[in-house]
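Chain by chain, the residues:
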Amino acid sequence: MALRAVSRKKTVRPRRRISRPASRPSKPAASARSGWKGVILEYWDYLPIRDRSAVVTLHEGHTPLIRSVDIVRQFPEGVEIYFKFEGTNPTGSFKDRGMTVAISRAKEEGAKAVICASTGNTSAAAAAYAGRAGMCAYVLIPEGNVALGKLCQAMMHGAKVLQIRGTFDRALELVRQIAKEHPVTIVNSINPYRLEGQKTAAFEIVDTLGRAPTYHALPVGNAGNIVAYYRGYRQYLKLGKARSAPVMLGFQAEGAAPIVRGHPVENPQSVASAIRIGNPANWQEALKTRDESRGLIDAVTDTEILAAYRLLAEREGVFCEPASAASVAGILKLAARRMFKRGDSIVCTLTGCGLKDPDSALSQASRPAVIPADLREVAAHMGFA
Ligand SMILES: *Cc1c(COP(=O)(O)O)cnc(C)c1O
C-alpha cells in the first residue's frame, strides 16, 4: 500500500506541479495586473472625464508621503512634518497629475495638437502624455532658462520645442495668442482641467493620514498648484472625508515674488527655475486661497532655498529640485519666528525630482576627487591614513 501511494505521488503529482508555475506569470490576479490605475481612474467621481476610452495615463500619482526625520528637529517637540514627494511621478514632477486630465479631456474633444509655455516640467509632461495620445505637442520655453533634464525629456518625447528669446511670461502671452488663432489646445495651468487633476494630491494626503494636516506648504510659481491643493482639501471637507482643511503656506523666490510684492516682476531671478515667474497666471485665485485658508504667501531667498535643497538630500534622503525646496525653506523661516506648536502637522510638497536639474546639483555638492587606483591612496582619502 505504502509503496503504491508513493509511486502514485511520483507519477501524477509532480507533473502538475511542474506545469503550474509556468502558467502563473501570464495569469496574475486582476489586482496585481492593474495596480494603481492613475489619478483619473482612482478618483473617477471627482474628475471631469466621462469617456473611459479617452483616458491617457502613465499611472501618475500615488506618490510617497515621507515623514521627516531630521528637519523636524528644528521644530518644537510634537510637530509632525511630511514630504509629499512628487518626483516619483512618471515624468518626475506633479505636472503629470494635471496633464493626464488635460490631455484626456483634449482627446475626448478630438484635439490633434496641444501647446504650452513652460519653465520645463509642464513641457516634459505635455510631451509625454501628448505623445502617448498621438497628438502633437508644441512647447515654448525661455531660451537658456530650462533645466537640462527637462529639456531632454521634451525632446525625447517628440515635442516641437521652440526656445524664445524672452521670459516665461512672454512665452505664455504668445501661447495664449496662438491658441486663439490656431487649432491647438493650451495645456498650461490656465487650462482648468490641469488644476482638477492636481487636486488629487490633496486627496491622497488625506487618504494616507486619515485627516488633513494643520498646514500645507508649497512653492509658488504660476500659483496653480496652491489653488489646486486647497480645492482638493475643500472638496474632501465638504464630502465629510476630512474634518478640516489646512492653512495654506505658499513660498515664492525672493527675486521672483510678484504676489508678495503686489506687482509683476519684469525680470524674475532665482536659482529655482521652476518658479522663476514674474506674472503668475493664477494670481487672483492664489490670493483667494491664501485668505480663505487664513494662510500666507511669503518669499524665501536663493540661499535659504539651496540650504533646504541640500538638507533634504543629505539628511532626509530626498533629492528634489531647487524650486521644490522652497516649501521647506519657507517652513524653516516660519519656525524661526515660532509659528508652529505641539500637535501641528505640516505637509510640504516637493514638486519635482532632483535629477531634472543636474547643473544645480553639481554647483552645490563638491566634485569627487580623482586619485590613483592605489589601496593606500584610497584608504588615505577615506581618512584611514
Ligand atoms: C510647476 C512647478 C512649480 C510651480 O507650480 P505652480 O503651480 O506654477 O505654482 C514648482 N515646482 C516645480 C518643480 C514645478 O514644476
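Here's what I pulled together on the structure shown here. Nothing here was measured: the structure is a model prediction, and the numbers come from that model. (Residues numbered from 1 in each chain as written. Predicted model: local features only at pLDDT ≥ 70, side-chain atom pairs only at ≥ 80, totals over all residues. Heavy atoms only, no water.)

1. A word on the sheet that holds strand S2 (residues 80-85)
So, step 1. In spatial order, the strands read S1-S2-S10-S7-S8-S9; together these 6 strands make up an open sheet with mixed pairing. Taken across any chain shown, the strands that pair with only one partner, and hence form the sheet edges, are strand S1 (65-67) and strand S9 (296-300). When the angles between neighbouring strand axes are averaged without regard to direction, this sheet yields 25°.
So, step 2. As paired elements, strand S8 (residues 247-253) and S9 share 5 bridges and run parallel to each other. Within the sheet, the bridge partner assigned to glycine 250 lies in S9 and is isoleucine 297.
So, step 3. Along the sheet, helix H13 (residues 302-316) contacts S1, S2, S8, S9 and strand S10 (345-350); its crossing angle with S9, the most-contacted strand, is approximately 90°. (Pairing = 2+ DSSP bridges. Helix = DSSP H or I, 4+ residues; strand = E, 2+ residues; numbered from the N terminus. Axes fitted to C-alpha atoms, helices over the stretch in contact; angles between N-to-C directions. Contact = heavy atoms within 4.5 Å.)

2. What to know about the packing of helix H5 (residues 121-133) against helix H6 (residues 148-156)
Packed helices, taken two at a time, are described by the angle between their axes plus the distance between the axes.
So, step 1. Contact geometry for H5 and H6: axes closest at 8 Å, N-to-C directions at 20°. Classified by the interaxial angle, the pair formed by H5 and H6 is roughly parallel. When you trace H5 past H6, the crossing you get is left-handed. Taking contact as the criterion, the partners of Asn121, Ser123, Ala124 and Ala127 in H5 are, on H6, Lys150, Gln153 and Ala154.
So, step 2. A class-by-class count of the residues in the contact of H5 with H6 yields 3 nonpolar, 3 polar and 1 charged. (Parallel < 35°, antiparallel > 145°, perpendicular 65-115°, else oblique. Left-handed = near helix turned anticlockwise from the far one by under 90°. Nonpolar A, V, L, I, M, F, W, Y, C, P; charged D, E, K, R; others polar.)

3. With respect to the pairing of strand S5 (residues 160-164)
So, step 1. In this sheet, S5 lies alongside strand S4 (residues 136-142) in parallel orientation, the contact comprising 5 bridges. Bridge pairing in S5 places tyrosine 138 opposite lysine 160.
So, step 2. For the handedness criterion, the β-α-β arrangement of S4, H6 and S5 is classed as right-handed. (Right-handed = clockwise from strand over helix to strand, strands pointing away.)

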